[in-house]
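Topology and contacts: notes
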Amino acid sequence: MNVPGITGIDHVGIAVADLDEALEFYEQVFGLTCVHTETNEAQGVREAMLRVGDDPAGPRLQLLAPLTPDSPIAKFLGRRGPGIQQIAYAVSDVRATAEALAGRGVRMLYPEPRTGTAGSAVNFVHPKDAGGVLVELVEPASAR
């Protein structure tokens, strides 16, 4: 049974210590194209979105670097080192999808969606309720 509102994979997030170094690596080694960068003070990250393949609307790779030593990404890097930090699903309505998941006994990290990359609305499934995986729900700003 599908969860209402999940439309596909939005991105895979990778924690990195140095965003500029990681961008250079992914661009030179894999030929990926950076399509967006921003600093998200509220989440304590500097981030970049890279297009994978030729489809501008296709799934992306998100590089996340900590802004401060106590940010969630810095803590992740301290515990696990660099690597995959999350998988994000594109959703048509983040509130409705979160409610559907809660109805299945899944905890969300936030009671209300927060602002994510490029003005999107986001929420996260608690990793303990998703087999140890941090799952992000992303409603693009264009869908709101």
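Since we're looking at a predicted model, the values are computed, not measured. (Residues numbered from 1 in each chain as written. Predicted model: local features only at pLDDT ≥ 70, side-chain atom pairs only at ≥ 80, totals over all residues. Heavy atoms only, no water.)

Quick notes on the pattern of salt bridges
Opposite charge on two side chains permits pairing when their charged atoms draw close. Operational definition: One speaks of a salt bridge when a side-chain nitrogen belonging to Lys or Arg is within 4 Å of a carboxyl oxygen belonging to Asp or Glu. Under the scheme used here, helices are H or I runs from DSSP no shorter than 4 residues and strands are E runs no shorter than 2 residues, and both carry numbers assigned from the N terminus. Relative accessibility under 20% of the residue-type maximum defines a buried residue, over 50% an exposed one, and the middle range a partly exposed one, all with a 1.4 Å probe and only protein chains included.
Following the criterion strictly, the structure yields 4 salt bridges and no others. A salt bridge links aspartate 20 to arginine 46, with the shortest nitrogen-to-oxygen separation between them at 2.8 Å. Separated by 26 residues along the polypeptide, aspartate 20 in helix 1 (residues 19–30) and arginine 46 in strand 3 (residues 45–51) bring together distant segments of the chain. As a salt-bridge pair, arginine 107 and aspartate 129 come within 2.9 Å of each other at their nearest N and O atoms. Linking arginine 107 in the loop between helix 3 (94–102) and strand 6 (114–115) with aspartate 129 in the loop between strand 7 (121–125) and strand 8 (135–139), this pair joins segments that are 22 residues apart in sequence. Under the relative-accessibility criterion, aspartate 129 is labelled partly exposed at 27%.

With respect to the sheet that holds strand 3
The following threshold applies: Only strands that DSSP links by at least two bridges are regarded as paired with each other. In what follows, residue pairs with any heavy atoms lying within 4.5 Å of each other are defined as contacts. The convention used is that axes are lines fitted to C-alpha atoms, helices contributing only their stretch in contact, and that angles between N-to-C directions extend from 0 to 180 degrees.
Read from one edge of the open sheet, 8 strands run 2-3-4-1-5-8-7-6, paired in mixed fashion. Pairing within the sheet leaves two strands with one partner each, and these edge strands are strand 2 (33–40) and strand 6. Docked against the sheet, helix 2 (residues 72–80) engages strand 1 (6–15), strand 3, strand 4 (60–66) and strand 5 (83–91), running at close to 90 degrees with respect to strand 4. Helix 3 contacts strand 1, strand 5, strand 7 and strand 8 of the sheet and is inclined by roughly 145 degrees relative to strand 8.

A look at the nonpolar core
For the record, the criterion: Grouping buried Ala, Val, Leu, Ile, Met, Phe, Trp, Tyr and Cys residues that are joined through side-chain atoms within 4.5 Å yields what is termed a nonpolar core.
Core analysis: the biggest nonpolar cluster contains 12 residues, these being Ile14, Val16, Leu19, Ala22, Leu23, Tyr26, Leu32, Ala48, Leu50, Leu61, Leu63 and Ala65. Elements with a contribution of two residues or more to this core: helix 1, strand 3 and strand 4. Top contributing element to this core by residue count: helix 1, with 4 residues. What leucine 61 contacts, discounting residues up to four positions off in sequence, is Val12, Ile14, Tyr26, Leu32, Ala48, Met49, Leu50 and Val52.

Concerning helix 1
Going by this rule: Expected span of a helix, by definition, is 1.5 Å for each gap between consecutive residues, and there is one gap fewer than residues. Note that the arc is defined by the directions from the helix axis to the C-beta atoms. Polar contact is the term for a pair of N or O atoms within 3.5 Å; when the atoms are in protein, one must be able to donate a hydrogen and the other to accept it, and sequence-neighboring residues count only if both atoms are side-chain atoms.
The end-to-end C-alpha separation of helix 1 is 16 Å, in line with the 16 Å expected for 12 residues at 1.5 Å each. When we look at burial in helix 1, the residues that qualify are Leu19, Ala22, Leu23 and Tyr26. Here the buried residues of helix 1 occupy an arc of 105 degrees about the axis, which is enough to place them on one side. Turned more than 90 degrees away from the buried face of helix 1 sit Glu21, Gln28 and Val29, all of them exposed. Lining the buried residues of helix 1 we find strand 1, strand 2, strand 3 and strand 4. Capping of helix 1 at its N-terminal end is provided by aspartate 18; its side-chain oxygen lies 3.1 Å from the backbone amide nitrogen of aspartate 20. Once helix 1 finishes, glycine 31 follows within two positions and takes phi at roughly 70 degrees, a positive value.

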